[in-house]
Amino acid sequence: MIIIMKSDTPAAEIERVSSELRRWEITPEKSAGQHKVVIGLIGDTSEIDPRQIQNLSPFIEQALRVKKPFKRASKEFRYGEPSEVVVPTPNGAVTFGQNHPLVVVAGPCSVENEEMIVETALAVKAAGAQFLRGGAYKPRTSPYAFQGHGESALELLAKARVVTGLGIITEVMDTTDIDKVASVADVVQIGARNMQNFSLLKKVGATLKPVLLKRGLSATIEDWLMSAEYILAAGNPNVILCERGIRTFDKQYTRNTLDISALPVLRTLTHLPTMIDPSHATGFSEFVPTMAMAAIAAGADSLMIEVHPNPAKALSDGPQSLTLEGFEQLMQEIAPLGTFFGRWTQNHRATTTPNFAPRVSSTAGV
Ligand code: PEP
Ligand code: MN
């Protein structure tokens, strides 16, 4: 259940209502938006009549039951106001959210060595990205595949952060690594395969570190939002939802199927900011730009793009990685679209007409 307070409610009145609710053995959770203060009621509210609540104060505009199983993640919980995840980085705070410029995250699948991560970081920064991504701990289908360099890769990410000032996004796979990863990462990533690792969700929820929650390979939108709910319920409001493609039946021409429809659906269900990862979704670098543009058009708040200085030699996910030049070209290509949708700013460097030759159409030579 949620209580919407009138916009001129004095802070003392909100406190008085909250104390009263605590006496009913309900935990009130205040959430202040730009225009309204909403008090979420956590606990068993099944016996409470909304009219009883209405009588608590003349400043109560409305008391509503949230019918969705995801409460804190639901749009109603913030009375329709989108939430923002503000991430301090050495280059300044970056905000993920519906009313903010598109945030671009780019970098290799895995951190391989110092030279490649620093080179990639400098290049993606120059092209206009705000975050560097790169895996230190890699969830691989095969135990014989490259598993990531672990702690030493975290040190290299820290170095790239100092050199470029970019924020760092990297995955945490194990609860025992959270502190280590969080000491380097500005945003910790929960990968698709761990979306329902509830111990991990509870533990990252117990920190205030921003969390990028990738959608599980076969997760429904509701499963995904329930996982976000775990993080929110543990006390961490800083969650970003990343669609990265779901399992369907084509494995030959695309790695996964990008569920672009998840974006408008999420807008109706949740206040949380969104991200699209067209690299893991398609599995092929040639399809990444088209899907990145589709994501912007469908209202994504951020993009994650895999970039590698030499994709042919990458230790993981080479086929879906753009080259450094390919990423620069992508940024130039998406700039007009970002501008059209009001999601592009001067901070994104590339705003001019592309100098590059048009990409070769994937149907050429048919
Ligand atoms: C990744 O981003 O490196 C990754 C492994 O992604 P996902 O969890 O979406 O497969
Ligand atoms: Mn990858």
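Structural data are supplied above this passage.
The sections below set out a description of the structure shown in this document. (Residues numbered from 1 in each chain as written. Chains lettered and ligands numbered in written order. Predicted model: local features only at pLDDT ≥ 70, side-chain atom pairs only at ≥ 80, totals over all residues. Heavy atoms only, no water.)

## Quick look at the packing of aromatic side chains
Then, in step 1: As enumerated under the stated definition, the model contains four aromatic pairs in all.
Then, in step 2: Ring plane angle 40° and centroid distance 5.5 Å describe the contact between Phe96 and Phe131, whose orientation is recorded as tilted. Here the residue Phe96 occupies a position in strand S6 (residues 92–96), and Phe131 occupies one in strand S8 (residues 131–133), the gap between them amounting to 35 residues. Taken as a pair, Phe96 and Phe131 share a single burial class, namely buried.
Then, in step 3: Here Phe340 and Phe341 contribute two aromatic rings whose centre-to-centre distance is 5.1 Å and whose plane-to-plane angle is 90°, an arrangement assigned as edge-to-face.
Then, in step 4: Among the residues examined, Phe340 registers a relative accessible area of 67% and is labelled exposed.
Then, in step 5: By relative accessible area, which is 36% here, Phe341 ends up partly exposed. (Phe/Tyr/Trp six-rings, centres within 6.5 Å; stacked < 30°, edge-to-face > 60°. Helix = DSSP H or I, 4+ residues; strand = E, 2+ residues; numbered from the N terminus. Buried < 20%, exposed > 50% of the residue type's maximum accessible area, 1.4 Å probe, protein only.)

## Focus on the site of ligand 1
Then, in step 1: Taken together, the neighbourhood of ligand 1 is formed by Arg133, Lys138, Pro139, Glu171, Gln189, Gly191, Ala192, Arg193, Lys214, Arg244, His280 and Glu306.
Then, in step 2: A distance of 2.9 Å separates an oxygen atom of ligand 1 from a polar side-chain atom of Lys214.
Then, in step 3: In terms of residue class, the shell around ligand 1 is made up of two nonpolar, three polar and seven charged. (Near = heavy atom within 4 Å. Polar contact = N/O pair within 3.5 Å; in protein donor to acceptor, adjacent residues only side chain to side chain. Nonpolar A, V, L, I, M, F, W, Y, C, P; charged D, E, K, R; others polar.)

## Regarding the packing of helix H3 (residues 114–127) against helix H11 (residues 324–340)
Then, in step 1: H11 packs onto H3 with a crossing angle of 15° between their chain directions and a minimal axis gap of 9 Å. Compared by their axis directions, H3 and H11 come out roughly parallel. Remark: the crossing between H3 and H11 carries right-handed chirality. For the pair H3 and H11, contact is made by Glu119, Thr120, Ala123, Val124 and Ala127 and by Leu324, Phe327, Glu328 and Met331, respectively.
Then, in step 2: A per-class count over the contact of H3 with H11 returns six nonpolar, one polar and two charged. (Axes fitted to C-alpha atoms, helices over the stretch in contact; angles between N-to-C directions. Parallel < 35°, antiparallel > 145°, perpendicular 65-115°, else oblique. Left-handed = near helix turned anticlockwise from the far one by under 90°. Contact = heavy atoms within 4.5 Å.)

## Re the pattern of salt bridges
A side chain with one charge may pair with a side chain of the opposite charge, provided their charged atoms come close.
Then, in step 1: What the rule picks out here adds up to 19 salt bridges.
Then, in step 2: The closest approach of N and O atoms between Asp301 and Arg267, which form a salt bridge, is 2.9 Å. Note that Asp301 is positioned in the loop between helix H10 (288–297) and strand S14 (302–306) and Arg267 in helix H8 (residues 262–269), a separation of 34 residues in sequence.
Then, in step 3: Judged by its relative accessible area of 0%, Asp301 falls in the buried class. (Salt bridge = Lys/Arg side-chain N within 4 Å of Asp/Glu carboxyl O.)

## Remarks on unusual backbone geometry
Then, in step 1: The backbone phi angle of Glu25 is positive, close to 65°, even though this residue is not glycine.
Then, in step 2: The backbone of Asp317 sits at a positive phi, close to 55°, despite the residue not being glycine.
Then, in step 3: Tracing the backbone shows Asp317 in the loop between S14 and H11.

## Digging into helix H6 (residues 198–205)
Then, in step 1: For H6, every residue scored as buried is listed here: Leu200, Leu201, Val204 and Gly205. The buried residues of H6 all sit within an arc of 135° when viewed along its axis, so they share a single face.
Then, in step 2: Taken together, the buried residues of H6 touch helix H5 (178–184), strand S10 (187–190), strand S11 (211–214) and helix H7 (221–233). (Arc of directions from axis to C-beta.)

## Some details on the nonpolar core
Then, in step 1: By size, the foremost hydrophobic cluster in this structure holds 70 residues, and its most contacted members are Ile117, Leu132, Leu213, Leu241, Leu303, Ile305 and Phe327.
Then, in step 2: Filtering out sequence-adjacent residues up to four positions away, Leu213 remains in contact with Ile190, Met195, Leu201, Trp224, Ser227, Ala228, Ile231, Val239, Ile240, Leu241 and Cys242.
Then, in step 3: Formed by 15 residues, the second largest nonpolar core is a distinct cluster that contains Ile3, Ile14, Leu21 and Ile60. (Core = buried A, V, L, I, M, F, W, Y, C linked by side-chain atoms within 4.5 Å.)

## Quick look at the side chain of Gln189
Then, in step 1: By the element assignment, Gln189 lies in strand S10.
Then, in step 2: Assessed through its relative accessible area of 5%, Gln189 is described here as buried.
Then, in step 3: In this structure Gln189 touches Arg133, Ile169, Thr170, Glu171, Val172, Leu212, Lys214 and Met304, once residues within four positions along its chain are discounted.

## A closer look at the environment of Glu222
Then, in step 1: Along the chain, Glu222 turns up in helix H7.
Then, in step 2: C-alpha of Glu222 to C-alpha of Phe70: the two residues are 152 residues apart in sequence and 7.9 Å apart in space.
Then, in step 3: Beyond its immediate stretch of four places on either side in the chain, Glu222 contacts Pro69 and Phe70.

## Topic: the sheet that holds strand S2 (residues 27–32)
Then, in step 1: Taken in spatial order, the four strands make up an open sheet running S2-S3-S1-S4, and their pairing is antiparallel. Each of the sheet's edge strands pairs with one partner strand only, and the pair in question is S2 and strand S4 (60–64). Each neighbouring strand pair of the sheet contributes to a mean axis angle of 20°, computed without reference to strand direction.
Then, in step 2: Direction of pairing for strand S1 (residues 2–5) relative to strand S3 (residues 37–42): antiparallel, over a ladder of four bridges. Along S3, the bridge assignment pairs Met5 with Val37.
Then, in step 3: Sheet contacts for helix H1 (residues 11–23): S1, S2, S3 and S4; angle to S3, the most-contacted strand, approximately 10°. (Pairing = 2+ DSSP bridges.)

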